[in-house]
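The lines below spell out each chain.
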Amino acid sequence: EDGREYSVLLVNQPYSFVDVSSPCDPYSPEMWVQAAAYFDNVNEEHMMLPGGRYACARVLASRRLPFLAGHSLGQICHIVQLAISQKRILGYLDGQLVPYWASEEWVKEQCAM
């Protein structure tokens with residue numbers, strides 16, 4: 001592992017865990033379109049999310065969002081990670097996750113232009 005997170009695998013058992021740190025994106029393009037649309041239009045009351053991947057995933061799962069239907073909590077954690085690291089759908093503001101357009105990263109990009 002990279003020194004921050006650990007996992008345990010059981011001997012002689014199939015590997016069926018979601019690697020939330022994996023850069024591989026097994027999710028449909030339509031799911032990403034729907035996720036982006038949700039976060040582009042989310043109201044201010046629901047905009048701020050916990051800064052941790054797991055806590056954020058729990059909040060999103062509790063909202064019963066159609067684009068996350070059928071996904072496990074582990075998959076939602078992975079979706080959150082990809083939304084931050086690859087898709088620019090989520091970003092950070094004062095330690096919390098927010099839509100990318102409200103994030104510190106977006107502001108920095110705009111200032112650099």
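Up top is the structure.
Predicted model only: the values in this text are computed from it and were never measured. (Residues numbered from 1 in each chain as written. Predicted model: local features only at pLDDT ≥ 70, side-chain atom pairs only at ≥ 80, totals over all residues. Heavy atoms only, no water.)

Asks: Before we go on, may I ask you to explain the overall build of the chain in this structure?
Replies: When you go through the chain residue by residue, the secondary structure sums to five helices and two strands. In the chain, the order of α-helices and β-strands from amino to carboxyl end is α-α-α-α-β-β-α. Taking the principal axes of the C-alpha coordinates as reference, the chain spans close to 50 × 30 × 25 Å. Taking all 113 residues of the chain together, 29% fall into the buried category. For the chain, long-range pairs separated by at least 24 residues make up 52% of all intrachain contacts whose partners lie at least 6 apart in sequence. For the chain, the exposed surface amounts to about 7,500 Å²; the carbon and sulfur share of it is 55%. A gap of 3 Å separates the mean positions of the 8 positive and 13 negative side-chain charges of the chain. (Helix = DSSP H or I, 4+ residues; strand = E, 2+ residues; numbered from the N terminus. Buried < 20%, exposed > 50% of the residue type's maximum accessible area, 1.4 Å probe, protein only. Contact = heavy atoms within 4.5 Å. Areas by Shrake-Rupley, 256 points an atom, 1.4 Å probe, with all protein chains shown as cover. Lys, Arg positive; Asp, Glu negative; His and termini not counted. Charge placed at Lys NZ, Arg CZ, Asp CG, Glu CD.)

Asks: I would appreciate a short explanation of the pattern of salt bridges in the present structure.
Replies: If charged atoms from side chains of opposite charge come close, those side chains can pair. This structure, assessed with the given rule, holds one salt bridge. Of the charged contacts in the structure, one is a salt bridge between K87 and D25, with a shortest N-O distance of 3.1 Å. Here D25 lies in the segment before α1 (29-41) and K87 lies in the loop between α4 (73-85) and β1 (90-93), a separation of 62 residues in the sequence. Under the relative-accessibility criterion, D25 is labelled partly exposed at 29%. (Salt bridge = Lys/Arg side-chain N within 4 Å of Asp/Glu carboxyl O.)

Asks: Help me understand unusual backbone geometry in this model?
Replies: Glycine aside, residues mostly have negative phi angles, and peptide bonds mostly take the trans form. A positive phi angle, close to 50°, is found at R64, a residue other than glycine. Despite not being glycine, R88 shows a phi value in the positive range, around 55°. As for its position among the elements, R88 is in the loop between α4 and β1.

Asks: Would you mind going over the pairing of strand β2 (residues 96-99) with me for this structure?
Replies: Along any regular strand, the residues point their side chains to alternate faces of the sheet. When β1 meets β2, the two strands line up antiparallel, connected through four bridges. For G91, the partnering residue across the bridge sits in β2 and is V98. The antiparallel pairing of β1 with β2 creates a hairpin that spans two residues between the two strands, and D94 there sits at a positive phi of about 50°. (Pairing = 2+ DSSP bridges.)

Asks: I would appreciate a short explanation of the packing of aromatic side chains in the present structure.
Replies: The geometry of an aromatic ring pair is captured by two quantities: the separation of the ring centres and the angle between the planes. If you walk through the whole model with that rule in mind, you get three aromatic pairs. Summarising the aromatic geometry, the rings of Y38 and F39 are spaced 4.9 Å apart at their centres and angled 80° between planes, so their arrangement reads as edge-to-face. Both rings, one in Y38 and one in F67, keep their centres 5.8 Å apart while their planes meet at 50°; by these two values the pair is tilted. A residue pair is termed long-range when its members are at least 10 positions apart, and Y38 in helix α1 and F67 in the loop between α3 (53-62) and α4 qualify at 29 residues. (Phe/Tyr/Trp six-rings, centres within 6.5 Å; stacked < 30°, edge-to-face > 60°.)

Note that all results are geometric; they support no functional claim without further evidence.
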